[in-house]
Amino acid sequence: MTTLPPADELLARAHVVALPMRVRFRGVDVREALLLEGPSGWGEFSPFVEYADRESARWLSAALEAAYAVWPAPVRDAVGVNATVPAVGPDRVPEVLARFDGCTTAKVKVAERGQTLDDDIDRVAAVRSAMGPSAHIRVDANGGWDVATATEALRRLTAYDLEYAEQPCASVEDLVELRTALARNGIDVLIAADESIRKAEDPIRVARLGAADLVVVKVAPLGGVASALGVVEACGLPAVVSSALDTSVGIAAGVALAAALPSLDHACGLGTVGLFERDVSADPWRPSGGLLGVGRAVADPDALADLAAPPDRQQWWRDRLVRCHTVLAEGSPR
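Rules used throughout
Residues numbered from 1 in each chain as written. Predicted model: local features only at pLDDT ≥ 70, side-chain atom pairs only at ≥ 80, totals over all residues. Heavy atoms only, no water. Salt bridge = Lys/Arg side-chain N within 4 Å of Asp/Glu carboxyl O. Helix = DSSP H or I, 4+ residues; strand = E, 2+ residues; numbered from the N terminus. Buried < 20%, exposed > 50% of the residue type's maximum accessible area, 1.4 Å probe, protein only. Pairing = 2+ DSSP bridges. Axes fitted to C-alpha atoms, helices over the stretch in contact; angles between N-to-C directions. Contact = heavy atoms within 4.5 Å. Right-handed = clockwise from strand over helix to strand, strands pointing away.

**Q** Describe in detail the pattern of salt bridges, supporting the description with residues and values.
**A** In the structure shown here, the tally under the stated rule is 18 salt bridges. A salt bridge links K109 to D140; its shortest N-O distance comes to 2.6 Å. Here K109, found in strand β6 (residues 105-109), pairs with D140, found in strand β7 (residues 136-140); they are 31 residues apart in sequence, far enough to count as distant. The same class applies to K109 and to D140, which are both buried. Across the pair R138 and E163 runs a salt bridge, and its minimum N-O distance is 2.8 Å. Linking R138 in strand β7 with E163 in strand β8 (residues 162-166), this pair joins segments that are 25 residues apart in sequence. With respect to class, R138 is no different from E163; both count as buried. Through salt bridges with shared partners, one network takes in K107, K109, D140 and E166.

**Q** Describe the sheet that holds strand β9 (residues 191-193), naming the residues involved and giving the relevant values.
**A** With parallel pairing, the 7 strands of this open sheet are ordered in space as β5-β6-β7-β8-β9-β10-β11. Of all strands in the sheet, those with a lone pairing partner are β5 (83-85) and β11 (239-241), marking the two edges. When strand polarity is set aside, the average angle formed by the axes of neighbouring strands in this sheet is 25°. Two strands pair when backbone bridges link them, and β8 and β9 are joined in this way by 2 bridges, in the parallel orientation. Of the residues in β9, the one forming a bridge with A165 is I191. Strands in contact with helix α4 (residues 117-131) are β5, β6 and β7; relative to β6, the strand with the most contacts, it is inclined by about 165°.

**Q** Describe the pairing of β6, listing the residues and the values that go with them.
**A** Remember that side chains alternate between the two faces of the sheet whenever the strand is regular. Within β6, 5 of the 5 residues are buried, which leaves it mostly tucked inside the rest of the structure. Residues T105, K107 and K109 of β6 are buried on one face, and the alternating residues A106 and V108, pointing to the opposite face, are buried as well. Examined bridge by bridge, β5 and β6 share 3 bridges and lie parallel to one another. Pairing of T84 across the sheet is with K107, part of β6. Sheet topology note: the β6/β7 ladder contains 5 bridges and is parallel. Considered in β7, the bridge of K109 is made with D140. In this fold, the crossover linking β6 to β7 by way of α4 has right-handed handedness.

**Q** An account of the sheet that holds strand β3 (residues 41-45) is needed here, citing residue identities and associated values.
**A** If you walk across this open sheet you meet the 3 strands as β1-β2-β3, and the pairing is antiparallel. Since the sheet does not close on itself, it has two edges, and those belong to β1 (14-25) and β3, each with one partner. Taking each pair of neighbouring strands and ignoring which way they run, the sheet shows an average axis angle of 35°. Bridge count for β1 against strand β2 (residues 28-38) is 8 bridges, and the pairing is antiparallel. The partner of A14 across the bridge, within β2, is L36. Contacts from helix α2 (residues 53-68) reach β2 and β3 within the one sheet, and its direction differs from that of β3 by about 175°.

Put into C-alpha cells, the structure is as follows:
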C-alpha cells in the first residue's frame, strides 16, 4: 500500500464488534475490534484499549495492509499452532485444551496478578498431565516477574520440561540479566521475547544485546506482515508468530506471516479464536489437526450485526481510528 486512504473512506468501511470471551484472558472479558473491508479483503484494527495513539497507529497500518495491499508470498500452505491456556485453575485445564483440536504444544499463562507461583506450578502440572510427556509446553509471564522471581520460577518449572519461557521479565536489560542468572544456576530454559519486540521503539535491540533465544512476533503491533518479516530478518533469531487476541480476520494475517517465514521450527500462537464465545466469521479460524491453513478470513454480515458494539463504543473506536489515521498521515508511527 503506497497511498493512505482517506479517513472518511475507512469510516464508511468500518464495523466495530465486541466479542465475549469464554475465559478472562489478559484481563479482557470482552474483546473489541474494528474491522475494515477493502479491495484486498478484510483488515482488523484492534489495539488494546490502554494503548496510546502512536503505538496503536502501527495496528492501523497492519489493518490497511490487509485491506488494501498484497501479503508476501507463502512458502508453506499450513502452519502448526499451539493451544493457549489462560490463568485458570488446574481443574479447568482439560476443558480449555479440548478447544484446540490436534495441538501438541501448549502456551500456559503464568505470573497472573493476584495469583502465586504455586498457582502457576499447579496449572503447568495439569497441562503436562493432560497432554502427556511428548507435548511441548511453554509459559508466558507477560513481563510479570523480576529477575529473582523469574529465576526461582523457572527453576521450579523445569520439572515440566519447558520448551521456552516467553517474556519472563519486562525490560530487555532484565532479560539479559536473567539469561546470565539461569546459566550461572544451571537452569536450562530458553527465553523468548514478546513485548520487548512488539512494544519497543527498537525491536532489534533484543537480538543486539543477546536478551533472548527466539522472538515472538505479532503482525498488528509491528505494522503488518511485510514489516514483521523485516523485523524477524533483522533479528536473525528463530521466530514464533502469535496472536494479539485477534478475531479470525487478524488470525489470517498472522498465518500469512508464519507461512512467509523462511524457516518455522515452533508451533505458533494463532489458535486463540477458540477463546471467544463467537467469532466474526461464519467459519472461524480454529485449528484442525493442530494446523491452520493459509487464506483470507471473511467477516459474516450476520455476525457483524449480532456482535456489534454498543453505540458509545462504536464512536470511541471510530474516533480512535481517525486519531491513528492522523498519526500515519504525519509520518511513521515509530
